[in-house]
Amino acid sequence: MGLPLCVGNGRRILSWLCVAFSTLVITYNIKGFGNGHIQLHERSGIHKTSCIDFTGFKLKHCEYMEYEQMMANFTEHQNVSVNVQIGEAPVNQSIRNIRYKQVAFLKIHKAGSSTAQNIFLRYGYSRNLLFVLSKVRKEQYDNVISLSSSLNENNTIAPPINKTFDVLCNHVLYNREAFQKYIPGNTAYIGIVREPFEMFLSTLNYFRPEYIFKTIKAITPVLNYLVDPWKYEKGLPLTYSLTNNRMALEFDFPKHLFKTYSKEESEAYLSKLDQEFHFVIIMEYFAESVVMMRRILGWSIKDVLYVKKNSAKKYSFVDNTYRYLYQRFAKLDYDLYNFYYIKLWEKIKLEGIDFQLELSFFQNLRKAVEDYCIKHKQTVLPYHVPDSKWSTAFNVTRKDCDLLLLNEMKFVSLIRQRQQTNTTNQK
């Protein structure tokens, strides 16, 4: 009977009680303590309506989705349009007070890494920073340093005398010692991961590995592979396989774990990675990840704008109900993905409401810039972004658009030409 009293009774004391009650409910929900039975976000792949039904990682995932929905409901009613000044930003304790200039990005195949790479290419190119580049080789893409090893003198161009590299963002396998040798000093380490089964399907669509599509003589070769992966992986060099825990391979997990899985050793290695990487992007939450990365790196909003790259059309090799078969096989990849998925949402919750407001602002701005660059090419004047709570005013120019839209192969080639010219001029 409390709610009808709030609506129908005009006495002042009841009005104040109603306001107080509403404030309490809003605060209760914003802090994430409510036990609302809401539909989970479409990105989750889980279609339950209550977190009570889950345990372990799925429980955490469900709770994060409820938190995301509550924050989305809150920010929906806030004015965070691109063209509105909002004021001074609060200082969040979890944001670093240091701005990273040097960055090593571990570019993972088929994990949305081309979109992320463009951020680092633009950042370094606009500041004339020195990139780690591969030696020019026949039958080797310009954006690939190595698919089977980490950085070494055989696959990279040496830096100019008395100089060190600033940016790494081309394909190569991770190795802490090698990375530190090439980019010493105060370097931010950034990685990227994708839900492993989705990455598996994308890999099949792009690479069409012969050990699946040619070796398996069946109407449903992918399903046959999933039923018994080791039957087709046996004998393949680990670095040759594109489907055997490929993310874990590129993150340099101990090689013996690929044959003899150990949960304890996998978790121990993840703890080591957690000390080495400043942040790992989750592809399914790319915008959230980019906003968080911006805060950690101390970069500007303009630095992290992006246009989606290499987004393939929908493809289907097996029904989603067979996802569990790949989960059973790709245990290291799922450990890796789940670990950093949880890390992302723990960081997001620590940032509070201000993060959600910045995210909404950033998403609106990113779409506006994308429209300016693609749909309004005839517009000569720059796109002006006024001061906001999270950024000083800046312009997006046609040159900025060119770099945002530039194919990664052409971008790396452009950087290679400039670095060659600079080296020649210094001699």
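See above for the structure.
Residues numbered from 1 in each chain as written. Predicted model: local features only at pLDDT ≥ 70, side-chain atom pairs only at ≥ 80, totals over all residues. Heavy atoms only, no water.

Asker: Now, about the overall build of the chain: what can you tell me, with residues and values included?
Answerer: The secondary structure content of the chain amounts to 17 helices and 6 strands. Here the chain holds 427 residues, and 49% of them are scored as buried. Only carbon and sulfur atoms are counted for the fraction: they give 54% of the accessible area of the chain, which is about 22200 Å². (Helix = DSSP H or I, 4+ residues; strand = E, 2+ residues; numbered from the N terminus. Buried < 20%, exposed > 50% of the residue type's maximum accessible area, 1.4 Å probe, protein only. Areas by Shrake-Rupley, 256 points an atom, 1.4 Å probe, with all protein chains shown as cover.)

Asker: Just give me the short version of the packing of helix α11 (residues 263-276) against helix α14 (residues 331-351), but keep the residues and values in it.
Answerer: Between two packed helices, both the angle of their axes relative to each other and the distance between the axes serve to describe the pair. The interhelical angle for the contact between α11 and α14, taken along N-to-C directions, is 45°, at an axis separation of 10 Å. Judged by the inter-axis angle, α11 sits oblique to α14. You can see that α11 and α14 cross each other, and the crossing is right-handed. Residue-level inspection shows Lys263, Ser266, Leu270, Leu273 and Asp274 of α11 in contact with α14, the latter providing Leu332, Asp335, Leu336, Phe339, Tyr340 and Lys343. (Axes fitted to C-alpha atoms, helices over the stretch in contact; angles between N-to-C directions. Parallel < 35°, antiparallel > 145°, perpendicular 65-115°, else oblique. Left-handed = near helix turned anticlockwise from the far one by under 90°. Contact = heavy atoms within 4.5 Å.)

Asker: So what about the packing of aromatic side chains? Which residues, and what values?
Answerer: Applying the stated criterion to the full structure yields 31 aromatic pairs. On the basis of an interplanar angle of 5° and a centroid distance of 3.7 Å, the ring pair of Tyr123 and Trp299 is categorised as stacked. Note that Tyr123 is positioned in helix α4 (residues 113-126) and Trp299 in the loop between α12 (286-297) and α13 (323-329), a separation of 176 residues in sequence. Relative accessible area serves as the criterion here: at 2%, Trp299 is assigned to the buried category. Centroid distance Trp230 to Phe329: 5.5 Å. Interplanar angle 80°. Geometry classified as edge-to-face. Of this pair, Trp230 sits in helix α9 (residues 229-233) while Phe329 sits in helix α13; the two residues are 99 residues apart in sequence, bridging distant segments of the chain. According to the relative accessible area criterion, Phe329 is buried, its value standing at 10%. Following the ring pairs from residue to residue traces out a cluster consisting of Phe197, Phe200, Tyr225, Trp230, Tyr232, Tyr326 and Phe329. The ring of Tyr206 carries the charged tip of Lys110 above its face, separated from the ring centre by 4.1 Å. (Phe/Tyr/Trp six-rings, centres within 6.5 Å; stacked < 30°, edge-to-face > 60°. Lys NZ or Arg CZ within 6 Å of the ring centre and 35° of its normal.)

Asker: Describe in detail the pairing of strand β3 (residues 187-193), supporting the description with residues and values.
Answerer: Buried residues dominate β3, accounting for 7 of its 7 residues. Along β3, one buried face is formed by Thr187, Tyr189, Gly191 and Val193 and the opposite face, lined by Ala188, Ile190 and Ile192, is buried too. In this structure, strand β1 (residues 102-105) lies alongside β3, joined through 4 bridges in parallel fashion. Considered in β3, the bridge of Gln102 is made with Thr187. Relative to strand β4 (residues 279-282), β3 runs parallel, the two sharing 4 bridges. For Ile190, the partnering residue across the bridge sits in β4 and is Phe279. (Pairing = 2+ DSSP bridges.)

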